[in-house]
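# Topology and contacts: notes
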Amino acid sequence: MSKTNRQFVLASRPSGYPKESDFDLVELPVSEPNDGQLLVRTIFLSVDPYMRGRMNSSRGSYAPPVEDRQVMTGGVVGEVIKSKNSSFQEGEIVQGNLGWQEYGISTGEELVKVNPDIAPISTALGILGMPGLTAYFGLFDVCQPKAEETVLVSGAAGAVGSIVGQLAKIEGCRAIGITGTDEKINYLLGDLAFDAAFNYKKTQNYRHKLKELVPEGTDVYFDNVGGKITDAVFPNLNLRARIAICGQISQYNLTEPELGPRLFQYFIVKRIRMQGFLVFDFINRYQEGLKQMTKWLHSGKLKYRETIVDGFENAPTAFINMLKGRNIGKQLVKVSDL
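Structure report, in brief. Computed from a predicted model, the values in this text were never measured in an experiment.

### Looking at unusual backbone geometry
- Although it is not a glycine, E148 sits at a positive phi angle of roughly 80°.
- Mapped onto the fold, E148 is located in the loop between helix 2 (130–143) and strand 8 (150–154).
- In this model, R271 sits at a positive phi of 50°, which is unusual for a non-glycine residue.
- With respect to the secondary-structure elements, R271 resides in the loop between helix 7 (265–269) and strand 13 (273–276).
- Accessibility expressed as a relative area gives 47% for R271, which makes it partly exposed.

### What about the packing of helix 2 against helix 8 (residues 286–299)?
- Interhelical geometry of helix 2 versus helix 8 gives an angle of 100° and a closest axis separation of 10 Å. With respect to each other, helix 2 and helix 8 are oriented roughly perpendicular. Here helix 2 contributes G132, L133, Y136, F137 and F140 to the contact with helix 8, which in turn contributes Y286, E288, G289, L290, Q292, M293 and W296.
- Looking at the contact of helix 2 with helix 8 residue by residue, the class counts come to eight nonpolar, three polar and one charged.

### Some points on helix 4 (residues 182–189)
- Every buried residue of helix 4 is accounted for by K184, I185, Y187 and L188. For helix 4, the buried positions fall inside an angular range of 160° around the axis, keeping them on one side. Summarising the geometry of helix 4, the exposed residues directed more than 90 degrees from the buried face are E183 and N186.
- Where helix 4 is buried, its residues contact helix 3 (161–170), strand 9 (174–179) and strand 10 (196–199).

### So, the packing of helix 2 against helix 3
- Contact geometry of helix 2 with helix 3 gives a least axis separation of 9 Å together with a crossing angle of 45°. The orientation of helix 2 relative to helix 3 falls into the category oblique. Once helix 2 is placed against helix 3, the crossing between them reads as right-handed. Residues P131, G132, A135, Y136, L139 and F140 of helix 2 lie in contact with helix 3, whose contacting residues are I163, V164, L167 and A168.
- Residue classes in the contact of helix 2 with helix 3 are distributed as nine nonpolar, one polar and no charged.

What counts as what
Residues numbered from 1 in each chain as written. Predicted model: local features only at pLDDT ≥ 70, side-chain atom pairs only at ≥ 80, totals over all residues. Heavy atoms only, no water. Helix = DSSP H or I, 4+ residues; strand = E, 2+ residues; numbered from the N terminus. Buried < 20%, exposed > 50% of the residue type's maximum accessible area, 1.4 Å probe, protein only. Axes fitted to C-alpha atoms, helices over the stretch in contact; angles between N-to-C directions. Parallel < 35°, antiparallel > 145°, perpendicular 65-115°, else oblique. Contact = heavy atoms within 4.5 Å. Nonpolar A, V, L, I, M, F, W, Y, C, P; charged D, E, K, R; others polar. Arc of directions from axis to C-beta. Left-handed = near helix turned anticlockwise from the far one by under 90°.

Shown next, in the form of structure tokens:
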């Protein structure tokens, strides 16, 4: 075990997209666990869109911001290397929110044990973790799709969106994806068997493109991006369509708010229901979701992809690249070997 714990702390609050200089890499001695605590060595670190909001100073979010010089928040999968907690044994693999650091101390309350025999341990941060559960509950509970309906997903090649489309197909729906590169289009149409998809960066008129791809209209819209793409979706929604607002990544790095059209008249005429949600709303049902997702994964009905950057020192780069859409599937940082 290293005697040094490297951490990334918040050095400055970003204006627009974060820069590597907004993070500071510091080195501290590895802490010793007290009675009831355990020491976890990080193997994989997750970087996710929500972290961008936590870098702002505003307290209007669902969670408090990261304080100045505080360790960046983030989920990890790691190995218990010292334990003074009877519920955890050395050598066990756990998942928890221990932040951007190589070693974390925990009381065990926020940790979940990971069984390496079920799937690769990295999946506890992806398809069998928070993104997978977000897709599962956001689609089935918030949107309530029915067989033969059309499900439209923005950010469709990301950690959540790529799962939503597959779940829609399992439910007997037609899955349509919006994403930002031709490589991602090929992934959606090939590996994941989406019915149609388009590259918004190569499309001049989103509304016309949606009408072309979905002439029968959209019944369910799973929104990960917001902004102009979502504005274009509203006119093509069907009667009693459902919308889940999962993320608004197109808005997270703006220096000035966008001015958009006022399109809520469609909600009246078509009796549309739109609901924002957080995966934590369903915390008491996580095991239900994970059991079903694991079954589908093992049966081959669900597939996943990970974009993995090697080296803890590259965490800021991985985070920035994820915000700019340079990942396919779940973005991870490999910090150490199992």
